[in-house]
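A closer look at the structure
What follows is each chain in one-letter form.
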Amino acid sequence: MKRSLLSAFVLAAATAAYAQEAPARIDLNDPNLMVVDSSVIPIPLEIFSSLDKLGTQDWSRQVESREIRLDANRSRTAMLFGLVVSDGFIAVQAQDKEAVRRIGREVLRLATSLGVANSVEQHANAIVNAAGQGDWSICRKELDKTRQTVLNKMAELRDDELVGLVSLGGWLGGTQALAAVLKQNYSVEGSDLLNQPELVKQLKSDFSTLPDRAKRGKVFGQISQTLDHLESLMRTDASGAISKGKVIEISLSTANLVDAIYEI
Amino acid sequence: MAAAFGGWLCAQEAAPPAEAPVLDEVKLIAQRAALAHLGGEKPFILRESSWSGEIEPGMAKLIQVQLFKRNDYHFWLAVPDRRGEVDVALYDGKGERVEGTRFQYESPNIASFAASAEETGLYYLRISLLDTVEKPQRWTVVYAYR
């Protein structure tokens, strides 16, 4: 968009009074409230951004290079796709050019296996090119676009269960990295980023409603158990913190599940 | 039931494909409003994900959103009819309105709200449409963080 057009569009943007004052308080238990039956899963960078405000973290230790072996289980591939995109966000945070380039190529391979390569190719190439130039802003944007494009394409193809599994994989990868960093460099202030009980509850509930055909394979039994466990761990105590012991448990639980997804 | 999973993860995907172009158009309006806040010294980073749906004039809806302490967030709400006046506000997990900055745009069918998350946890975004239009409106919310 041309600068002049942009300026014209936001010319009237300003802090100002508004026509209808929103109430100062709402009763969240009011049965008449209309709550939108949907939400958006935060991407890892959103959480890492907060943690980095407490001091520089060593994200490079979270960048892993795993061999991805695919099988005919599309549900597992969908979770792997989510995990790999999440690895991409971690590699961007660590500013690891080679890892981001490798992940860009893996993203395309997984998208091909899921039958959505055409929609993703342009973004995957942009990730690889931007990583080569060290343009982290573009890498971040294109990773998010890749993720969203795959979700949109799958929804269009009525692959709703795969949509959910991609996002679950992405959330799991980001949570594993966050817990691992907090385990190495624990702080009470940083620990509260793992305070996500409602998110875990929703993920667990949604996973349980997936049809059996989408949960074939031993790893899918482990997902329910892990989410159950995480729901009890990922909530702050009265002091507003999550103890180091719990952070270690979250780290172990998520790492075990990630390992299980990668294993055939 | 699978649709419920998809619905939680991205509202815009829950709509029938035939309606998608209309929703995308509204998303573009919201994204265009966001552009001015994505540069400068402390730029916001716009997410690709969004929430979408339909709202009746004079009604309000709540969107659940997980926010993280120390981050700033900015939410943009748009409807297609330029006469449709909208408002957006944020509430914490106890239902208390969060202090922040509201922005108004050239036409009232776009509104945005920016605030800092004081705690990590579940928040509620309240979107509303005044009865300045007669017909229900498609709406989209996009957000950014920094």
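In what follows, the structure referred to is the one given above.
Everything numeric here is computed off the predicted structure, so don't read it as measured data.

Turning our attention to helix α3 (residues 74–93) of chain A. All names here are of chain A. With 20 residues, α3 extends 29 Å between its outermost C-alpha atoms, agreeing within 8% with the 28 Å of an ideal straight helix rising 1.5 Å per residue. By the criterion of burial, α3 is predominantly enclosed, with 18 of the 20 residues buried. Of the residues one or two after α3, Q95 is the one with positive phi, at around 50°.

Before going further, it helps to spend a moment on helix α4 (residues 97–114) of chain A. Residue and element names in this part refer to chain A. End to end, α4 covers 26 Å across 18 residues, agreeing with the expected 26 Å (1.5 Å per residue, within 8%). Burial in α4 covers these residues: A99, V100, I103, G104, E106, V107, L110, A111 and L114. Looking at the buried positions of α4, the neighbouring elements they touch are α3, α5 (117–132) and α6 (136–156). Following α4 by one or two positions, G115 adopts a phi angle in the positive range, close to 80°.

All right, on to unusual backbone geometry then. The phi torsion at R158 of chain A lies on the positive side, around 65°, for a residue other than glycine. As for its placement among the helices and strands, R158 of chain A is situated in the loop between α6 and α7 (160–184). The partly exposed category is assigned to R158 of chain A, around which 13 C-beta atoms lie within 10 Å. Look at R70 of chain B: it is not a glycine, yet its phi comes out positive at around 80°. You can see R70 of chain B is positioned in the loop between β2 (60–67) and β3 (72–78).

Moving on, we get to the nonpolar core. The nonpolar side chains of soluble globular proteins are, as a tendency, buried together. The biggest cluster of nonpolar side chains holds 114 residues, and the ones touching the most others in it are A30, W76, L77, A78, L125 and V141 of chain B. Once you skip the residues sitting within four places of it in the chain, V141 of chain B turns out to touch A30, S50, W51, I63, F75, W76, L77, L125 and I127 of chain B.

Scoring rules and cut-offs
Residues numbered from 1 in each chain as written. Chains lettered and ligands numbered in written order. Predicted model: local features only at pLDDT ≥ 70, side-chain atom pairs only at ≥ 80, totals over all residues. Helix = DSSP H or I, 4+ residues; strand = E, 2+ residues; numbered from the N terminus. Expected span 1.5 Å × (residues − 1). Buried ≥ 20, exposed ≤ 12 C-beta atoms within 10 Å, placed from the backbone. Contact = placed C-beta atoms within 7 Å. Core = buried A, V, L, I, M, F, W, Y, C linked by C-beta atoms within 7 Å.

Everything listed is a geometric property; what it means functionally is a separate question.
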